[in-house]
Amino acid sequence: MADPDRDGGASTVRRHIETGAFALVLFLSSVVPVPGGLAAGRDGSGVVSSLAALGIGPTDPLHFVGYAVLAALLARTTGATRRGLVVSVGTAVAFGFGVELVQSTIPWRSFARGDVAVNALGAIAGVGGYALRQR
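Residues numbered from 1 in each chain as written. Predicted model: local features only at pLDDT ≥ 70, side-chain atom pairs only at ≥ 80, totals over all residues. Heavy atoms only, no water.

Caption draft 1: A look at the nonpolar core. Leu-70, Leu-85, Ala-92 and Val-127 are the most contacted members of the largest nonpolar core, which has 16 residues in total. When contributions to this core are tallied by element, the ones reaching two or more residues are α1 (9-31), α4 (60-78), α5 (82-103) and α6 (113-134). The element best represented in this core is α4, accounting for five residues. Setting aside chain neighbours within four positions, we find Ala-92 in contact with Tyr-67, Leu-70, Ala-71, Leu-74 and Ala-123. (Core = buried A, V, L, I, M, F, W, Y, C linked by side-chain atoms within 4.5 Å. Buried < 20%, exposed > 50% of the residue type's maximum accessible area, 1.4 Å probe, protein only. Helix = DSSP H or I, 4+ residues; strand = E, 2+ residues; numbered from the N terminus. Contact = heavy atoms within 4.5 Å.)

Caption draft 2: Layout of the packing of α4 against α5. Between α4 and α5, the shortest axis-to-axis distance is 8 Å and the interhelical angle comes to 140°. Considered as vectors, α4 and α5 are oriented oblique to each other. Here the hand of the crossing between α4 and α5 comes out right-handed. For the pair α4 and α5, contact is made by His-63, Tyr-67, Leu-70, Ala-71, Leu-74, Ala-75 and Thr-78 and by Gly-84, Leu-85, Val-87, Ser-88, Thr-91, Ala-92, Phe-95, Gly-96, Val-99 and Glu-100, respectively. Here the residues of the contact of α4 with α5 are counted per class, giving 10 nonpolar, six polar and one charged. (Axes fitted to C-alpha atoms, helices over the stretch in contact; angles between N-to-C directions. Parallel < 35°, antiparallel > 145°, perpendicular 65-115°, else oblique. Left-handed = near helix turned anticlockwise from the far one by under 90°. Nonpolar A, V, L, I, M, F, W, Y, C, P; charged D, E, K, R; others polar.)

Interpretation note: all reported values are geometric properties and have no functional meaning in isolation.
Right, dumping it as structure tokens:
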């Protein structure tokens, strides 16, 4: 099991700062307007339209990766204990739900249950990947 404090307090503080900075970037990127073509499912290559045919929205991969990284960073901060991993997933999912609530108040954004689900799947994958790497 990894100990988040194994290399001293300075590293722990650095991990918290890195995790907070990533969460801030994730939040800010979630409240800016989405380019019209991407929001409408057009990217000029047909790739976005092909993904839509599979039930994958144009921003789903971004949500998945963003919340996988956030959850892995949280797990790195809390440690690879069962409790730390559960807290990391829960925190990432709660953060994603909170972002969706904020988006519901922004005229050019909206609350999307599908995004909450993709965020949760990404968080689980990120923590799972982190836990496997620690073994």
